[in-house]
Amino acid sequence: MTTTYVITVPGTFLSEADAATRSRLARRLASHHTDLSEAEDVRLLTVHEGGTFSARLEVESPDRATAEANAVRLVADALAELGFSEKDAPLGPPAVTGVEGDL
């Protein structure tokens, strides 16, 4: 049995992430932002002053720990595809911010 989790993955851009780069990142993650997120009015990507950001993804998983690990991997992979190393955009600990399904 799988459950859909909304996972928030925080991070910080330590190198320049202009509007075009942030837009490309959001497009790469868009397939993981669907009905549950939209119903809850959750933004996919929020970037704050100082380069801190939060990505909120939906991940189907049998358990919370796997969902969190998968969300971090998705964000890290998307950042890497855009040329950001772990040192350029370190990620913080993920958090479950929504659940849909049987637990």
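Residues numbered from 1 in each chain as written. Predicted model: local features only at pLDDT ≥ 70, side-chain atom pairs only at ≥ 80, totals over all residues. Heavy atoms only, no water.

S.K.: Looking at this structure, how should I read the overall build of the protein?
M.R.: Scanning the protein for helices and strands turns up 3 helices and 4 strands. In sequence order, the secondary structure elements of the protein are arranged as β-α-α-β-β-α-β. Per-residue burial for the protein yields a buried fraction of 38% across its 103 residues. Long-range contacts, defined here as pairs at least 24 residues apart, represent 75% of the contacts in the protein between residues at least 6 apart. Accessible surface for the protein amounts to roughly 5,800 Å². Of this, 48% is attributable to carbon and sulfur atoms. (Helix = DSSP H or I, 4+ residues; strand = E, 2+ residues; numbered from the N terminus. Buried < 20%, exposed > 50% of the residue type's maximum accessible area, 1.4 Å probe, protein only. Contact = heavy atoms within 4.5 Å. Areas by Shrake-Rupley, 256 points an atom, 1.4 Å probe, with all protein chains shown as cover.)

S.K.: Explanation requested: the packing of aromatic side chains in the structure shown.
M.R.: To describe a pair of aromatic rings, one takes the distance between the centres and the angle between the planes. The tally for this structure, following the rule as stated, stands at 2 aromatic pairs. An angle of 55° between the planes, with centres 5.3 Å apart, marks the rings of Phe13 and Phe84 as tilted. Remark: Phe84 occurs in the loop between helix 3 (64-81) and strand 4 (95-100) and Phe13 occurs in the loop between strand 1 (3-12) and helix 1 (19-29); sequence separation between them is 71 residues. (Phe/Tyr/Trp six-rings, centres within 6.5 Å; stacked < 30°, edge-to-face > 60°.)

S.K.: Honestly, the side chain of Ser54 in this entry has me stumped. Any pointers?
M.R.: With respect to the secondary-structure elements, Ser54 resides in strand 3 (residues 52-61). For Ser54, a relative accessible area of 13% puts it in the buried group. Beyond its immediate stretch of four places on either side in the chain, Ser54 contacts Thr8, Val9, Pro10, Leu44, Leu45 and Thr46.

S.K.: Whenever I open this one, the pairing of strand 3 confuses me. Can you help?
M.R.: Sheet faces and side chains relate simply in a regular strand, where the side chains alternate between the two faces. In terms of burial, strand 3 is largely enclosed, as 8 of its 10 residues are buried. Two elements, strand 1 and strand 3, share 10 bridges in a ladder whose sense is antiparallel. Within strand 3, the residue paired with Thr12 across the bridge is Thr52. Here strand 2 (residues 45-47) pairs with strand 3 via 3 bridges, running antiparallel. The partner of Val47 across the bridge, within strand 3, is Phe53. Between the end of strand 2 and the start of strand 3, which pair antiparallel, lie 4 residues, with Gly50 showing a positive phi angle near 90°. (Pairing = 2+ DSSP bridges.)

S.K.: Just checking my understanding: could you explain the sheet that holds strand 2 for this structure?
M.R.: Strands pair in a sheet through their backbones, by hydrogen bonds, and they do so in one of two ways: parallel or antiparallel. Strand order in the open sheet formed by 4 strands is 2-3-1-4, and the pairing between neighbours is antiparallel. In the strand order of this sheet, the two ends are held by strand 2 and strand 4, each with one partner. The average undirected angle you get between the axes of adjacent strands in this sheet is 20°. The sheet contact formed by strand 1 and strand 4 spans 5 bridges and is antiparallel. (Axes fitted to C-alpha atoms, helices over the stretch in contact; angles between N-to-C directions.)

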